[in-house]
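Each chain is listed here by its residues.
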Amino acid sequence: MNTYQRVRCLVSVFMLLFMSVNLANADSVSAKVKGSAGSVLLVKEYASFNEPWAMTFLPDRRLLITEKSGNLFLVSADGASRISVTGVPRVAYGGQGGLGDVVLHPHYKTNHRIYLSYAEEGENGTRGAAVVMASLETSQGRAELRNATVIWRQEPKVKGYGHYSHRLAFSADGKLFITSGERQKQKPAQDLTQNLGKIIRINDDGTVPADNPIQDQGELAKTFWSLGHRNMLGIAFDQSDRLWTHEMGPKHGDEFNLIKAGDNYGWPVVSWGNQYSGVDIPDHNTRPDFHAPAVYWVPTVAPAGLIIYSGSLFPEWKGDAFLGGLASRSLVRIEISGDKAWEAERFAMGKRIREVEQGPDGAIWVLEDKKGGRLLKLTKDR
């Protein structure tokens, strides 16, 4: 090999190495994921967090992101910077407990009010979910919560570390809906003297609307919108202001439900899953007096996070639901037609998906679960 050939060879090797490095860097920034129905999404990473749990967008396109250990961050739209928000309530961190959901008041632009859910300590080793209302104040690179007020609590507090649920959503008329899990105690879901295993409907200040469906079973029951629930980790309203939730089944039997005022959804009397011990639970079709799920999953997807898509980036998906899958490590698209729904597509994400949110430009954003969970933006592969 002469000198000229050696130089050409070295240049070729250098170019190959250069291309490989740049491809590797490109893969770390963006990738593609193909759904089971053939849709292709472009996935771009923006930041990573330690056990992220929920997110919401501010009007200026910044995000509020919670970490289960008790951190609340104000994150720039490009993910490049984050500010730790002070004034967050102390949380009971452990198991499934900690800092949970974050949502904006419908009139946030004028009142700067946000709502946080979290697990809090009680007496004698007990715990329960709570919801706090506070004003978010930001200036000169600082962010803090002011005038924090607890407006709702699970009653009673119980021992254990699971099934708080505590997802939040506002209806079009400004009512706050809260998912209250049954704290792995099962029977409270059917007990009208406890607010465990229920969907709660209250006013934005924590007072109780006079038109809730149960009015003759005591004061606590006046806050209930529905009952017979297990562990609801997703809640969202569609464009017709109908309420949808999903909930974890026991051993399989996860549910996607259309929620109607005053209805009983059957847990723990019926389920499409079974107890972890192997004990059979009667199926929903054995008890038509209970409201059956629109969709159920066997085997489990372990749903978490929920949106009903309304953006323009994916016009073909308007009105579809998207939920994250923990055990299934997926993003699941559900088509809805009237009161009917069915799984339409599943995107294998390779990681546990904890949260799903729609961005201001119509992109779909997700948070991965656990330590190092990434903030990902999903757009069309053009």
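Residues numbered from 1 in each chain as written. Predicted model: local features only at pLDDT ≥ 70, side-chain atom pairs only at ≥ 80, totals over all residues. Heavy atoms only, no water.

Comments concerning the packing of aromatic side chains
The relation between two aromatic rings is expressed through the spacing of the ring centres and the mutual angle of the planes.
Okay, so step 1: Applying the stated criterion across every chain yields a total of 13 aromatic pairs.
Okay, so step 2: Taking 5.0 Å as the distance between ring centres and 50° as the angle between the ring planes, the aromatic pair formed by Tyr46 and Trp365 counts as tilted. Here Tyr46 is found in strand β2 (residues 40–50), whereas its partner Trp365 is found in strand β24 (residues 364–368), with 319 residues between them in sequence.
Okay, so step 3: By relative accessible area, which is 4% here, Trp365 ends up buried.
Okay, so step 4: With centroids separated by 4.4 Å and ring planes inclined at 5°, the aromatic side chains of Trp272 and Tyr296 adopt a geometry described as stacked. With Trp272 in the loop between β17 (254–259) and β18 (295–297) and Tyr296 in strand β18, this residue pair connects regions lying 24 residues apart in the sequence. (Phe/Tyr/Trp six-rings, centres within 6.5 Å; stacked < 30°, edge-to-face > 60°. Helix = DSSP H or I, 4+ residues; strand = E, 2+ residues; numbered from the N terminus. Buried < 20%, exposed > 50% of the residue type's maximum accessible area, 1.4 Å probe, protein only.)

Remarks on unusual backbone geometry
For residues that are not glycine, phi is negative in most cases, and the peptide bond is trans in most cases.
Okay, so step 1: Residue Pro268 is bonded to the preceding Trp267 through a cis peptide linkage, with omega at 0°.
Okay, so step 2: Residue Pro299 is reached from Val298 by a cis peptide bond, and omega for that bond is 10°.

Concerning the confidence of the model for the protein chain
Okay, so step 1: In this model, the protein chain carries a mean pLDDT of 93, and residues with pLDDT of at least 70 account for 92%.
Okay, so step 2: This model gives residues 1–28 a pLDDT under 50, and the stretch forms two contacts once residues within four places in sequence are excluded. (pLDDT = per-residue confidence, 0-100. Contact = heavy atoms within 4.5 Å.)

Examining the side chain of Ser330
Okay, so step 1: Mapped onto the secondary structure, Ser330 falls in strand β21 (residues 330–337).
Okay, so step 2: In terms of polar contacts, Ser330 uses its side chain to reach the side chain of Ser328, at 2.7 Å.
Okay, so step 3: Setting aside residues no more than four positions away along its own chain, Ser330 makes contact with Leu323, Gly324, Gly325, Arg346, Phe347, Met349, Lys351 and Ile353. (Polar contact = N/O pair within 3.5 Å; in protein donor to acceptor, adjacent residues only side chain to side chain.)

Considering the sheet that holds β24
Okay, so step 1: One open sheet accounts for five strands, arranged β1-β2-β25-β24-β23; its pairing is antiparallel. Only two strands of the sheet have a single partner each, and these edge strands are β1 (30–34) and β23 (353–358). Put simply, the sheet's adjacent strands are angled 30° from each other on average, direction ignored.
Okay, so step 2: Judged from the five bridges that link them, β23 and β24 form a sheet pairing that is antiparallel. (Pairing = 2+ DSSP bridges. Axes fitted to C-alpha atoms, helices over the stretch in contact; angles between N-to-C directions.)

Notes on the pattern of salt bridges
Okay, so step 1: In total, this model carries 27 salt bridges according to the counting rule given.
Okay, so step 2: In this structure, the salt-bridge partner of Asp60 is Arg62, at a minimum N-O distance of 2.8 Å.
Okay, so step 3: Residue classification places Asp60 among the partly exposed positions, given a relative accessible area of 42%.
Okay, so step 4: As a salt-bridge pair, Arg201 and Asp211 come within 2.8 Å of each other at their nearest N and O atoms. Taken together, the positions of Arg201 in strand β13 (residues 198–202) and Asp211 in the loop between β13 and β14 (224–227) put the pair ten residues apart, joining distant regions of the chain.
Okay, so step 5: Among the charged side chains, a salt-bridge network with shared partners connects Asp238, Arg242, Lys260 and Asp339. (Salt bridge = Lys/Arg side-chain N within 4 Å of Asp/Glu carboxyl O.)

Side note on the sheet that holds strand β10 (residues 142–153)
Okay, so step 1: Read across the open sheet, the four strands follow the order β7-β8-β9-β10; overall the sheet is antiparallel. Two strands lie at the open edges of the sheet, namely β7 (99–104) and β10, each paired on one side alone. Sheet twist, expressed as the average angle between the axes of neighbouring strands with direction ignored, equals 25°.
Okay, so step 2: Strand direction decides the pairing type here: β7 and strand β8 (residues 113–121), joined by four bridges, are antiparallel. The partner of Leu99 across the bridge, within β8, is Tyr118.

Looking at the pairing of strand β22 (residues 340–348)
Okay, so step 1: Sheet topology places β21 next to β22; eight bridges connect them, and they run antiparallel. In the sheet register, Val332 faces β22, and the bridge partner there is Arg346.
Okay, so step 2: Linking β21 to β22, which pair antiparallel, is a turn of two residues; within it Gly338 sits at a positive phi near 65°.

Notes on the environment of Ile114
Okay, so step 1: Within the fold, Ile114 resides in strand β8.
Okay, so step 2: Overall, the relative accessible area of 0% leaves Ile114 in the buried class.
Okay, so step 3: Note: C-alpha distance between Ile114 and Leu64 (50 residues apart in sequence) is 9.9 Å.
Okay, so step 4: For Ile114, the residues in contact, after removing those within four places along its chain, are Leu64, Leu72, Val102, Val103, Leu104, Tyr108, Val132, Met133, Ala134, Leu136 and Leu145.

A short note on the environment of Arg374
Okay, so step 1: Looking at where Arg374 falls in the secondary structure, it is placed in strand β25 (residues 371–380).
Okay, so step 2: Spatially, the C-alpha atom of Arg374 lies 4.1 Å from that of Ser48, the residues being 326 residues apart in sequence.
Okay, so step 3: Excluding residues that lie within four positions of it along the chain, Arg374 makes contacts with Glu45, Ala47, Ser48, Val366, Leu367 and Glu368.

Focus: the side chain of Glu247
Okay, so step 1: Here Glu247 lies in strand β16 (residues 243–248).
Okay, so step 2: There is no salt bridge for the buried Glu247, and the closest opposite charge comes from Arg230, which lies 6.8 Å off by N-O distance. (Lys, Arg positive; Asp, Glu negative; His and termini not counted.)

Some words on the pairing of strand β12 (residues 176–180)
Within a regular beta strand, the side chains point alternately toward one face of the sheet and then the other, so they alternate between its two faces.
Okay, so step 1: Within β12, five of the five residues are buried, which leaves it mostly tucked inside the rest of the structure.
Okay, so step 2: Taking every second residue as pointing to the same face, both faces of β12 are buried, with Leu176, Ile178 and Ser180 on one and Phe177 and Thr179 on the other.
Okay, so step 3: As defined by bridge partners, strand β11 (residues 165–170) adjoins β12 across four bridges and the pair is classed as antiparallel. Residue pairing in the sheet places Ser165 in a bridge with Ser180 of β12.
Okay, so step 4: What sits between the antiparallel neighbours β11 and β12 is a turn of five residues, in which Gly174 has the positive phi angle 85°.
Okay, so step 5: Where β12 and β13 come together, five bridges link them in antiparallel fashion. By the bridge assignment, Ile178 is partnered in β13 with Ile200.

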